[in-house]
Amino acid sequence: MYQKAASEMMTFIKKSPTAFHAVDNMKKILQKNGYKELVEAQAWELVPQGKYFVTRNGSSILALHLGEELSDYNFHIAASHSDSPTFKVKENAQIEVRGKYTQLNTEGYGGMLCAPWLDRPLSIAGRAIVKCGEDFVTKLVDFDRDLVMIPSMAIHMNRGVNESASWNKQIDMLPLFGSGEYPNDLLKTMVAKLLSVEKEDIYGMDLFLYNRMAPSVWGAKEEYISCPQLDDLQSAYTSLQGFLRGYQRQTVNVFACFDNEEVGSGTKQGAASTFLYDVLTRVNAALGKTPEEYRRALAASFLLSCDNAHAVHPNHPEKTDVGNCVYMNEGIVIKSHAGQKYTSDAVSIALFRRICEQAEVPVQFFANRSDEPGGSTLGNISMEQVSMNAVDIGLAQLAMHSPYETAGVKDGIYMMKAVEQFYKSRTEVKDSGVLTLKM
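Report on the accompanying structure. None of these values were measured; they are calculated from a predicted model.

### Quick look at the packing of helix α4 (residues 230-245) against helix α9 (residues 411-424)
And then number 1: Put simply, α4 and α9 touch, their axes get as near as 7 Å, and they point 40° apart. By the angle between their directions, the pair α4 and α9 is classed as oblique. Considering how the two elements wind past one another, α4 and α9 form a crossing that is right-handed. Here Gln-234, Ser-235, Tyr-237, Thr-238, Ser-239, Gln-241, Gly-242, Phe-243 and Arg-245 of α4 lie close against α9, whose contacting residues are Gly-412, Met-415, Met-416, Val-419, Glu-420, Tyr-423 and Lys-424.

In structure tokens form, the structure reads like this:
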């Protein structure tokens, strides 16, 4: 059971080399399950029990499953992100080196580990904006073959590399594209051929490098999985599966997957944007509700911020907190931070623990060492636009922000079951003003 679920998840990730591809694949899954696409620039007509989804920028997506009895409704939201650290190809990409090599000019996207990108086959994927008549259309790009590589410098020329390694992204991390001096628009020519369009009709491109190494299941008892983009497509895929299986008649269930978390979320399609607020307020209006009813709905709503967590590293267990440390295959991680970089508090932790009890799913707790700064995620950022009770959760993994990450084979099932139970549950506010759970 665990290996089958892990294999399906890794197949999804393999087909999702960029945020654009991930969202396109989520769209296909939703459409297969009866969800209708909405367009932000058009009027919406929503009905009870309706299934809908809407995208922004082709790289963020929100899906909705409306309950049948919404006289006193609220929202249940599971949010994740579609992007991962990588290298973006610059507009004027080709660099000639002594007439013998052609490199691609790239820049880092997000905070990646540089070393694992070296000496492995990479490809290029993303999107192209193509002129068709008087219109512009988006076409997904994926060369899906070993196309470039970032070569290491031999140790003979860099003898101190194993003692004090560092990488300059403008010098050390440029991928080798080919031998010889090529026309300066060769990459664009190749994209045009791949898409069967004229080169002159390509008006814009967002292209990224991605790791071609195949996903794997490994370990003495096949207890681990490794593949690119586990942060955060593992949470995105498993929470989507839970969303598809859960339903609550008095709730509007929402699946959210935002782009640009790795660069701060401050874009029109990021968690800091108005995307979630815009969709929720339009749902409220389409249901004939007032602004007052919308605010009441938010007060009784609950959000799961789903983004992976750092497992204890076998070589460096001292890097994690003594007691609040987590391991792969031991359940969903609840993340806390005194400075509220994570949204979890006593109320939201209690509610989520009860949900996991109902789903028969184990939980574990993560906090950073008090002398080590930790990163934030999309939960507290999205709260700037839409405030509600929220908890930060994720799955334990190793090598976060590497192009080849590792997680536990069991944990994906745990996330699916817990999120399914979350979407079957209902939160409400009692007279005391404290959010509670109604199973």
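### Here's the deal with the pattern of salt bridges
And then number 1: According to the stated counting rule, one finds 15 salt bridges in the structure shown.
And then number 2: Close ionic contact of Glu-37 with Lys-27 constitutes a salt bridge, the shortest N to O distance being 3.6 Å. Remark: Lys-27 occurs in helix α2 (residues 19-32) and Glu-37 occurs in strand β1 (residues 36-38); sequence separation between them is ten residues.
And then number 3: The shortest N-O distance in the salt bridge between Lys-430 and Glu-428 comes to 3.1 Å.
And then number 4: By sharing partners, the salt bridges in this structure join Glu-40, Arg-56 and Asp-278 into a single network.

### Considerations on the packing of aromatic side chains
Within a pair of aromatic rings, the relevant descriptors are the distance that separates the centres and the angle that separates the planes.
And then number 1: Summed over the entire model, instances satisfying the criterion amount to 15 aromatic pairs.
And then number 2: Here Phe-136 and Tyr-203 contribute two aromatic rings whose centre-to-centre distance is 5.2 Å and whose plane-to-plane angle is 65°, an arrangement assigned as edge-to-face. In this pair, Phe-136 sits in strand β8 (residues 135-142) while Tyr-203 sits in strand β10 (residues 202-211), placing the two residues 67 residues apart along the sequence. Each member of the pair Phe-136 and Tyr-203 is classed as exposed.
And then number 3: Taken together through their ring pairs, the aromatic side chains of Tyr-35, Phe-243, Phe-255, Phe-302, Phe-422 and Tyr-423 make up a single cluster.
And then number 4: The aromatic ring of Trp-44 is capped on one face by Arg-282, whose charged end is 3.9 Å from the ring centroid.

### A closer look at the side chain of Asn-284
And then number 1: With respect to the helices and strands, Asn-284 occurs in helix α5 (residues 275-286).
And then number 2: Asn-284 gets classed as buried once you look at its relative accessible area, which sits at 4%.
And then number 3: At a separation of 3.0 Å, a polar atom in the side chain of Asn-284 contacts the main-chain carbonyl oxygen of Thr-290.
And then number 4: If we ignore the near neighbours within four places in the chain, the residues touching Asn-284 are Tyr-73, Lys-289, Thr-290, Pro-291, Glu-293 and Tyr-294.

### Things to note about the nonpolar core
And then number 1: Of all hydrophobic cores here, the largest spans 53 residues; its most connected members are Met-26, Phe-255, Leu-304, Ile-332, Phe-352 and Ile-393.
And then number 2: Counting residues per element, this core draws most heavily on α9, at eight residues.
And then number 3: If sequence neighbours within four positions are ignored, Ile-332 has contacts with Phe-352, Cys-356, Val-361, Pro-362, Val-363, Gln-364, Ile-393, Gly-394, Leu-395, Tyr-414, Met-415 and Ala-418.
And then number 4: Membership of the second largest hydrophobic core comes to 33 residues, among which are Leu-64, Leu-66, Ala-256 and Tyr-294.

### Examining the sheet that holds strand β19 (residues 396-398)
And then number 1: Spatially, the five strands line up as an open sheet ordered β11-β12-β20-β19-β15, and their pairing is mixed. A strand with exactly one partner marks an edge of an open sheet, and here the two such strands are β11 (216-218) and β15 (309-310).
And then number 2: Sheet topology note: the β19/strand β20 (residues 405-408) ladder contains two bridges and is antiparallel. Across the sheet, Leu-398 pairs through a bridge with Thr-406, a residue of β20.
And then number 3: Contacts between α4 and the sheet are confined to β12 (224-227), β19 and β20, with β20 contributing the most and set at about 35° to the helix.

### Observations regarding the environment of Ala-125
And then number 1: With respect to the secondary-structure elements, Ala-125 resides in strand β7 (residues 122-132).
And then number 2: Measuring from C-alpha to C-alpha, the distance between Ala-125 and Gly-270 comes to 20 Å, with 145 residues separating the pair along the chain.
And then number 3: Once residues lying within four places of it in the same chain are set aside, the contact partners of Ala-125 are Pro-17, Thr-18, His-21, Val-141, Asp-142, Asp-206, Leu-207, Phe-208 and Tyr-210.

### Remarks on helix α6 (residues 291-299)
And then number 1: Residues of α6 that are buried: Tyr-294, Ala-297 and Leu-298. Within α6, the buried residues cover an arc of 100° as seen down the axis, which keeps them to one side.

### Concerning the state of the cysteines
And then number 1: Across all of its chains, the model carries zero disulfides by this definition.
And then number 2: The structure places no disulfide on Cys-227, whose sulfur is separated from the nearest cysteine sulfur, that of Cys-257, by 15 Å.
And then number 3: The exposure class assigned to Cys-227 is buried, which follows from its relative accessible area of 0%.
And then number 4: Residue Cys-356 stays outside any disulfide, its sulfur separated by 11 Å from that of Cys-306, the closest cysteine.

### Considering the packing of α2 against α4
And then number 1: Contact geometry of α2 with α4 gives a least axis separation of 12 Å together with a crossing angle of 15°. In terms of orientation, α2 and α4 fall into the roughly parallel class. Viewed along their axes, α2 and α4 form a crossing whose handedness is right-handed. Residue-level inspection shows Ala-22, Met-26, Ile-29 and Leu-30 of α2 in contact with α4, the latter providing Leu-233, Ala-236, Leu-240, Gln-241, Phe-243 and Leu-244.

### Things to note about α9
And then number 1: Between its first and last C-alpha atoms α9 spans 20 Å; for 14 residues at 1.5 Å apiece the expected length is 20 Å, and the two agree.
And then number 2: Asp-411, Gly-412, Ile-413, Tyr-414, Met-415, Met-416, Ala-418, Val-419, Glu-420, Gln-421, Phe-422 and Tyr-423 are the residues of α9 that are buried.

### Here we look at the sheet that holds strand β2 (residues 51-56)
And then number 1: Sheet architecture is open: nine strands sit in the order β1-β2-β3-β13-β4-β14-β18-β16-β17, paired in mixed fashion. The open sheet has two free edges, formed respectively by β1 and β17 (363-366), since each of these has just one partner strand. With direction set aside, neighbouring strand axes in the sheet form an average angle of 25°.
And then number 2: When strand β3 (residues 60-66) meets strand β13 (residues 251-258), the two strands line up antiparallel, connected through six bridges. Of the residues in β13, the one forming a bridge with Leu-64 is Val-254.
And then number 3: The sheet strands contacting α5 are β2, β3, β4 (74-81) and β13, and the helix crosses β3 at an angle near 25°.
And then number 4: Together, β14 (302-306), β16 (332-335), β17 and β18 (389-394) form the strand contacts of helix α7 (residues 346-359), whose direction differs from that of β18 by roughly 60°.

The rules behind each value
Residues numbered from 1 in each chain as written. Predicted model: local features only at pLDDT ≥ 70, side-chain atom pairs only at ≥ 80, totals over all residues. Heavy atoms only, no water. Axes fitted to C-alpha atoms, helices over the stretch in contact; angles between N-to-C directions. Helix = DSSP H or I, 4+ residues; strand = E, 2+ residues; numbered from the N terminus. Parallel < 35°, antiparallel > 145°, perpendicular 65-115°, else oblique. Left-handed = near helix turned anticlockwise from the far one by under 90°. Contact = heavy atoms within 4.5 Å. Salt bridge = Lys/Arg side-chain N within 4 Å of Asp/Glu carboxyl O. Phe/Tyr/Trp six-rings, centres within 6.5 Å; stacked < 30°, edge-to-face > 60°. Buried < 20%, exposed > 50% of the residue type's maximum accessible area, 1.4 Å probe, protein only. Lys NZ or Arg CZ within 6 Å of the ring centre and 35° of its normal. Polar contact = N/O pair within 3.5 Å; in protein donor to acceptor, adjacent residues only side chain to side chain. Core = buried A, V, L, I, M, F, W, Y, C linked by side-chain atoms within 4.5 Å. Pairing = 2+ DSSP bridges. Arc of directions from axis to C-beta. Disulfide = S-S within 2.5 Å. Expected span 1.5 Å × (residues − 1).

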